[in-house]
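What follows is each chain in one-letter form.
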Amino acid sequence: MPKEAVFTMKLESSLREDFIAAAKASDRPASQIIRELMREYIRRQSENQAYDTYLEQKVEKGRQAIRSSAGVDNEEVERLFAERRATAAGKV
């Protein structure tokens, strides 16, 4: 991919020096590492957004189930899982 933009940023001198030293120690250009960090950040943000969307849909589905009386209340869930735990423990 051709490089067509310049990114300028302000940071502490010590952070820059430590970063340049770490980049040199790994025999990689600092700009390459920054591009990789940016791509990783974008990927993580995309995953976070996808998860947030999934979670919002899941919550809305649950709310719709409750509104339509198709949901199960917390007491019933606790009772069902207490039975499952007891069965798994061999107590029933």
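Bear in mind that the values here come from a model prediction, so they are computed numbers and not experimental data.

Caption draft 1: Inspection of the layout of surface pockets at higher detail. Taken as a whole, the largest pocket encloses approximately 720 Å³ of empty space. In this structure, the largest pocket is lined by 20 residues; those nearest its centre are Phe7, Ser31, Ile34, Arg35 and Met38. Of all the secondary-structure elements, those providing two or more residues to the lining of the largest pocket are helix H1 (13–25) and helix H2 (30–67). Of the residues forming the lining of the largest pocket, the biggest block, seven residues, is contributed by H2. Of the residues that constitute the lining of the largest pocket, the class distribution is 14 nonpolar, one polar and five charged.

Caption draft 2: Up close: the packing of H1 against H2. At a minimum axis distance of 9 Å, the contact between H1 and H2 shows a crossing angle of 100 degrees. What the angle tells us is that H1 and H2 run roughly perpendicular. Residues Phe19, Ile20 and Ala23 of H1 form the contact with H2, whose participating residues are Ala30, Ile33, Ile34 and Leu37. Residues belonging to the contact of H1 with H2 are distributed by class as follows: seven nonpolar, no polar and no charged.

Caption draft 3: Geometry of the environment of serine 68. When you line up the elements, serine 68 lands in the loop between H2 and helix H3 (74–88). One polar contact links the side chain of serine 68 to the main-chain carbonyl oxygen of alanine 65, over a distance of 3.2 Å.

Caption draft 4: Summary view of unusual backbone geometry. Backbone geometry at aspartate 27 places phi at a positive 55 degrees, although glycine is not the residue there. When you line up the elements, aspartate 27 lands in the loop between H1 and H2. Exposure remark for aspartate 27: the relative accessible area of 73% places this residue in the exposed category.

Caption draft 5: Expanded view of the packing of aromatic side chains. Going through the model one piece at a time under the given rule, you end up with one aromatic pair. Here the guanidinium or amino end of arginine 84 rests over the ring plane of phenylalanine 81, the centre of that ring lying 4.7 Å away.

What counts and what doesn't
Residues numbered from 1 in each chain as written. Predicted model: local features only at pLDDT ≥ 70, side-chain atom pairs only at ≥ 80, totals over all residues. Heavy atoms only, no water. 1 Å grid on protein atoms, 1.4 Å probe; cavity = no way out; pocket = protein on both sides within 12 Å on 5 of 7 lines; lining within 4 Å. Points joined across faces, edges and corners; volume = space filled by probe spheres on them. Helix = DSSP H or I, 4+ residues; strand = E, 2+ residues; numbered from the N terminus. Nonpolar A, V, L, I, M, F, W, Y, C, P; charged D, E, K, R; others polar. Axes fitted to C-alpha atoms, helices over the stretch in contact; angles between N-to-C directions. Parallel < 35°, antiparallel > 145°, perpendicular 65-115°, else oblique. Contact = heavy atoms within 4.5 Å. Polar contact = N/O pair within 3.5 Å; in protein donor to acceptor, adjacent residues only side chain to side chain. Buried < 20%, exposed > 50% of the residue type's maximum accessible area, 1.4 Å probe, protein only. Phe/Tyr/Trp six-rings, centres within 6.5 Å; stacked < 30°, edge-to-face > 60°. Lys NZ or Arg CZ within 6 Å of the ring centre and 35° of its normal.

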